[in-house]
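# Commentary on secondary and tertiary structure
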Amino acid sequence: MEQRKVVLADSEIPKQWYNILSDMPTPMNPPLHPGTGKPVGPEDLAPIFPMNLIEQEVATDRWIDIPEPVLEKYLLWRPTPLCRALNFEKALGAPVRIYYKYEGASAPGSHKPNTAIAQAYYNKAFGIKRLSTETGAGQWGSALSMACAMFGLELRVFMVKISFEQKPYRRLMMAAWGTECIPSPSDRTNAGRKILAEHPDSPGSLGIAISEAIEDAVGNEDSRYSLGSVLNHVLLHQTVIGLEAQKQLAQIGVYPDVVMGCAGGGSNFAGISLPFVRDKINGKKVSVVAAEPASCPTLTRGPFAYDFGDTAMTTPLLPMYTLGHDFVPESIHAGGLRYHGMAPIVSHLVKEGIVEARAYDQIETFTAGVQWARTEGVIPAPETNHVIAAVVQEAERAKQEGKEKVILFNFSGHGIIDLSAYDAFLSGKLTQHKLSDEEIQRALKSIENFPKL
Amino acid sequence: MNSEEFLMRCPRLGGEAPLTYCLQEAGDLPCQRIVACWQAFFPVEAHLRRVLPPQKWEQFAGRKPKEKIASLLELVEEAKGRCR
């Protein structure tokens, strides 16, 4: 019987997080304050983050101790198992061994609590009483809810109204953990009230929800804001995933040829990959692949998608173009890594050629996810389907090349609370073909009274 | 949501969204990803050129991506202004 999983003892959980900033082959430019043009300082961030997290945001120490209270909470579900996907391997019929870290083992069902727990702890230690945050479909909001409940913090989550109305289960989870989940735009903030006054039926947006969450935190001495992805300290907390994986693989004498993760904001990808990126920087031969969403592969797979126009990565790819009626900048067409809030660390590693970014459209990702569910059992979160599509592609390459490969990927979460997404896919509601003239006319009709255009 | 509308998996929301949502995601402007997400299925770029006033079109097409920290600090300043 072949071994299916590697499980670490509680005592073997990593006691430190790994900070990639200490090993970057080229330095990252510091973010600039939009008002002054000068590098952002700790005092600039103080209204929204506690100083102990700001220190982590700019820290360059290679290893940062995980506080004991955080470890105690991690042990509720960590170390997560390293599993071998034997059934999926068989279905693919390729010369690959596929290992994955199962991050769906946490109570909210994803990797997000790895940083939620840490952020709640540091805020509590700094004397903060209440946090605020925004959430789209609720993955982050639910993770932070559980974490705040565990550390006795109040939490307000501004949830984009369209998701609040479509997705009741995560807001119910938040309620169970004692969080006040508010549909955004709301009447709780000046930002929300302004939107509601102008557009009472606004479905909200992530931008509005962020504005509300920040306004809710700013000006209250004992309140702060929390963000679940993108920032350096968030990626730092997630490295516990890859550090565990390294220990588990070492126990069975395996080292991966390819390490993969899906990349929305970059936190779960960073979590599995950064410890292996360190190995790569130090000479180890390993490919590191970020699988990102691309609804439109013909556009996002163009070479421009990852061709950064400047070292600070703050300008459009072709900023010299004059706007005109026959030109749309690539920044509008490209759905690539930098255009939907990707972590600067991940963007920098892509630019340096250390990480490869690949894009997968929604149909191939759900197709891969369904194949996974029908072989390995667990229904993946829709985001996780991106990396499974990447695994399928990598296995196909191995078959074509006739090379054996070991693939490690991060199974970032289960999809039990996202079954409506599977319903949309399986019922054909998820757009998957060029719309017919009739369908276009119907779509246009549905927006003909759209007020803002 | 119109039950006849086609849906797109929104990577920002982590959920499904209809075209109507994408058209107003940024307040009085469409989501910056709308062309990347929808163009293969729907001539959204041509539609936007047709219906957006020229100034709005240029505003939409000229938006630059910002670093997260910079955009957070902008929001902090805006929030301070609103709270005064």
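What you are looking at is a predicted structure, and each value in this text was computed from that prediction instead of being measured.

Rules used throughout
- Residues numbered from 1 in each chain as written.
- Chains lettered and ligands numbered in written order.
- Predicted model: local features only at pLDDT ≥ 70, side-chain atom pairs only at ≥ 80, totals over all residues.
- Helix = DSSP H or I, 4+ residues; strand = E, 2+ residues; numbered from the N terminus.
- Contact = placed C-beta atoms within 7 Å.
- Pairing = 2+ DSSP bridges.
- Core = buried A, V, L, I, M, F, W, Y, C linked by C-beta atoms within 7 Å.
- Buried ≥ 20, exposed ≤ 12 C-beta atoms within 10 Å, placed from the backbone.
- Domains from an automatic or database assignment.
- Axes fitted to C-alpha atoms, helices over the stretch in contact; angles between N-to-C directions.
- Nonpolar A, V, L, I, M, F, W, Y, C, P; charged D, E, K, R; others polar.
- pLDDT = per-residue confidence, 0-100.
- Expected span 1.5 Å × (residues − 1).
- Arc of directions from axis to C-beta.

Across its full length, chain A holds 20 helices and 13 strands. In chain A, of all internal contacts separated by at least 6 residues, the share reaching a separation of at least 24 is 76%.

Next up on the list: the sheet that holds strand 10 (residues 258-262) of chain A. All names here are of chain A. With mixed pairing, the 7 strands of this open sheet are ordered in space as 1-4-5-13-10-11-12. The outermost strands of the open sheet, each flanked by one partner alone, are strand 1 (5-6) and strand 12 (356-360). Two strands pair when backbone bridges link them, and strand 10 and strand 13 (residues 405-411) are joined in this way by 3 bridges, in the parallel orientation. Bridge pairing in strand 13 links M260 to F409.

Once that is clear, we can look at unusual backbone geometry. Residue and element names in this part refer to chain A. Each neighbour pair has its own omega, and for R78 with P79 the value is -10°, a cis peptide bond. With an omega dihedral of 15°, the bond running from S184 to P185 counts as a cis peptide bond. Mapped onto the fold, P185 is located in the loop between strand 8 (180-184) and helix 9 (190-198). Within the chain, V230 stands out as a residue other than glycine whose phi angle is a positive 70°. Mapped onto the elements of the fold, V230 is located in the loop between strand 9 (223-225) and helix 11 (232-238).

Glancing now at the nonpolar core. Formed by 145 residues in total, the largest nonpolar core has its most connected members in A:I214, A:M260, A:A291, A:V346, A:V391, B:C22 and B:W38. Residue assignment places this core across two domains, with domain 1 (1-110 + 231-453) and domain 2 (113-227) of chain A each supplying three or more. Once residues lying within four places of it in the same chain are set aside, the contact partners of A:V391 are A:I98, A:M260, A:I407 and A:F409.

Here the focus is the sheet that holds strand 6 (residues 130-135) of chain A. All names here are of chain A. Here 4 strands make up an open sheet; going across it, the order is 8-7-6-9 and the pairing parallel. The outermost strands of the open sheet, each flanked by one partner alone, are strand 8 and strand 9. Recorded for the sheet is a direction-independent mean angle of 25° between the axes of neighbouring strands. By the bridge criterion, 5 bridges tie strand 7 (residues 154-160) to strand 8 in an arrangement that is parallel. Paired with R156 across the bridge in strand 8 is E180.

All names here are of chain A. Close contact between helix 9 and helix 10 (residues 206-217) brings their axes to 8 Å; oriented N to C, the two are set at 140°. Residues N190, A191, G192 and I195 of helix 9 form the contact with helix 10, whose participating residues are I208, S211, E212 and E215. Here the contact of helix 9 with helix 10 is built from residues that sort into 3 nonpolar, 3 polar and 2 charged.

The subject of this paragraph is the confidence of the model for chain B. Mean pLDDT over chain B: 84, with 94% of residues reaching 70 or higher. Ranking the helices and strands of chain B by mean pLDDT puts helix 5 (residues 68-83) of chain B first, with 90, and helix 2 (residues 34-38) of chain B last, with 84.

Okay, helix 18 (residues 384-401) of chain A next. Residues and elements named next belong to chain A. Between its first and last C-alpha atoms helix 18 spans 26 Å; for 18 residues at 1.5 Å apiece the expected length is 26 Å, and the two agree. Of all the residues in helix 18, the buried ones are T384, N385, H386, V387, I388, A389, A390, V391, V392, E394, A395 and A398. Just past helix 18, the residue G402 takes up positive phi, approximately 65°.

A separate point is helix 8 (residues 168-176) of chain A. When helix 8 of chain A is considered as a whole, its buried residues turn out to be A:R170, A:R171, A:M173 and A:M174. Buried residues of helix 8 of chain A, viewed axially, fall in a sector of 150°; they line one side.

With that out of the way, let us pick up the domain arrangement of chain A. Residue and element names in this part refer to chain A. Domain annotation of chain A identifies domain 1 (1-110 + 231-453) and domain 2 (113-227). In this complex, domain 1 contributes 25 residues to the contact, which on the side of domain 2 involves 26 residues. Of all the secondary-structure elements, those providing two or more residues to the side of domain 1 that touches domain 2 are helix 2 (51-58), helix 3 (68-74), helix 11, helix 12 (240-251) and helix 13 (267-281). Considered class by class, the residues forming the side of domain 1 that touches domain 2 number 17 nonpolar, 7 polar and 1 charged.

All names here are of chain A. Summarising the model, chain A shows a mean pLDDT of 87, and 86% of its residues fall at 70 or more. Here residues 296-329 is a poorly scored stretch, pLDDT under 50, and it has 66 contacts once near neighbours within four places are set aside; other chains count. Here residues 334-340 is a poorly scored stretch, pLDDT under 50, and it has 36 contacts once near neighbours within four places are set aside; other chains count.

Right, let's get into the pairing of strand 13 of chain A. Residue and element names in this part refer to chain A. Counting buried positions along strand 13 yields 5 of 7 residues, so the element is predominantly enclosed. Of the strand pairs in this sheet, strand 5 (residues 96-102) and strand 13 are connected by 7 bridges, and their pairing is parallel. Within the sheet, the bridge partner assigned to V96 lies in strand 13 and is K405.

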